[in-house]
Amino acid sequence: MHRPVQRHRQRLTRILVGAAAVPVLLVASGCSSDSGDGSGDDAKKDSGSSASPSATEAAAVKEATYAKLPETCKVFSSKTLKELVPEGAKSGKEGKSDDVATRGNCSWDSLDNNGVKGSQFRWLNVSLLRFESDQSRGTGEKLASEYYAKHAEDARSVDGAKDTKSQPVSGTGNEATLVTYDLKKKEGTFKQQTLVTRVENVVVTVDYNGAGLAGDKAPKAADLSKAVEKAAKEAVQAVVTANGGGDGAGSGSGSTPSKSPSKSASKGSDKSASPSPSKVSDKSASPGQGSDLSTSPSKSAAKKS
């Protein structure tokens, strides 16, 4: 009697133990399920985290349009130089620059000396300033536009200028302003023309002035304005052509010239993002002893950005 009873008890014990193990498995299974859900949330977080760099790259500032500048002393045709500076068409003097890829200038002077009958003086200068895109400051076009506005304002506020006038110019780059005024010097009254224009991420400034000396009549401001506008269009076109583009004159202040994308734009800090024209020196020779005729009377041609 003892053995059957003992077997029965052992069988009952195994059944109870097996029954007790079922909730444990269920609990373990539930924990495993919860752990899986948590892993899914982490995966989603990881997925979102890994997508972040791509979003940052998508928001990166776009490259500047133009990657280089033309040779400043070659932006004008020989015909234009002969018209604007007839006695100095071949006298182009390139200013010193610490970075010819972002800034440069060239000047010409002409003195038609007729002795006691008087003389005619002309001075021409072109400066080019290229801006590259900067991740923290914006696109090259934005930086150039900001500098253009400030530079045009500087040209309107030259010390000693008389009868200052300013007007927008169409058909020259993306935006352009012509500033004219008279400036009296010991040699005579100079008729100054300063045309500031922006073509994408490059600011082009053309200064042109003329004076009648030794009793000769002063040139007409209208004639000088017409000449400087022609010169500015050539300079703009030279920038576009240097970058493999087509017609860069544009059809108005809001026009967008043909362009060749730059491959050198920087997404980080860039020294060329805010170049200063003051780093380009002009060594133009004076046409007369002790005279400063070859120095531009425009403050805008020498002021820092």
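Data block above holds the structure.
Just so it is clear, the structure is predicted and the values come from calculations on it, not from any experiment.

Chemist: Teacher, can you tell me more about the pairing of strand β6 (residues 188–199) here?
Modeler: The two faces of a sheet get side chains in turn, since along a regular strand they alternate between them. Across the 12 residues that make up β6, a large majority, 11, are buried. Pairing analysis gives 11 bridges linking strand β5 (residues 175–185) to β6, with the strands arranged antiparallel. Looking across to β6, one finds that lysine 184 is bridged to threonine 189. As consecutive antiparallel partners, β5 and β6 are separated by 2 residues. As paired strands, β6 and strand β7 (residues 202–213) are joined by 9 bridges and run antiparallel to one another.

Chemist: Please clarify how the sheet that holds β5 should be interpreted in this entry.
Modeler: Strand pairing in a sheet relies on backbone hydrogen bonds. The paired strands run either parallel or antiparallel. The sheet built from 7 strands is open, its strands ordered β1-β2-β3-β7-β6-β5-β4 with antiparallel pairing. Edge positions in the open sheet fall to β1 (93–94) and β4 (162–168), since each of these has one partner strand only. As paired strands, β1 and strand β2 (residues 103–113) are joined by 2 bridges and run antiparallel to one another. Pairing of glutamate 94 across the sheet is with cysteine 106, part of β2. Each of β3 (119–130), β5, β6 and β7 is contacted by helix α3 (residues 140–155), which is oriented at about 165° to β6, the strand it contacts most. Running over the sheet, helix α4 (residues 221–242) touches β3, β5, β6 and β7 and is turned about 30° from β6.

Chemist: Teacher, can you tell me more about the layout of surface pockets here?
Modeler: Remark: the empty space left among the atoms is shown by a probe the size of a water molecule rolled over them. If you add up the space inside the second largest pocket, you get close to 160 Å³. Considering the residues around the second largest pocket, the lining is formed by 15 residues, among which Glu83, Leu84, Arg122, Tyr208 and Leu224 are closest to the centre. Listed by contribution, the elements that provide at least two residues to the lining of the second largest pocket are α2 (78–84), β2, β3 and α4. Taken together, the residues of the lining of the second largest pocket break down into 6 nonpolar, 2 polar and 7 charged.

Chemist: I keep staring at the pattern of salt bridges and nothing clicks. Help me out?
Modeler: Opposite charge on two side chains permits pairing when their charged atoms draw close. Enumeration over the complete set of coordinates arrives at 11 salt bridges. Among the ionic pairs, lysine 74 bridges to glutamate 71, the shortest N-O distance being 3.6 Å. Of the two residues, lysine 74 and glutamate 71, both sit in the exposed class.

Rules used in this analysis
Residues numbered from 1 in each chain as written. Predicted model: local features only at pLDDT ≥ 70, side-chain atom pairs only at ≥ 80, totals over all residues. Heavy atoms only, no water. Buried < 20%, exposed > 50% of the residue type's maximum accessible area, 1.4 Å probe, protein only. Helix = DSSP H or I, 4+ residues; strand = E, 2+ residues; numbered from the N terminus. Pairing = 2+ DSSP bridges. Contact = heavy atoms within 4.5 Å. Axes fitted to C-alpha atoms, helices over the stretch in contact; angles between N-to-C directions. 1 Å grid on protein atoms, 1.4 Å probe; cavity = no way out; pocket = protein on both sides within 12 Å on 5 of 7 lines; lining within 4 Å. Points joined across faces, edges and corners; volume = space filled by probe spheres on them. Nonpolar A, V, L, I, M, F, W, Y, C, P; charged D, E, K, R; others polar. Salt bridge = Lys/Arg side-chain N within 4 Å of Asp/Glu carboxyl O.

Keep in mind that these numbers describe shape and distance, not what the molecule does.
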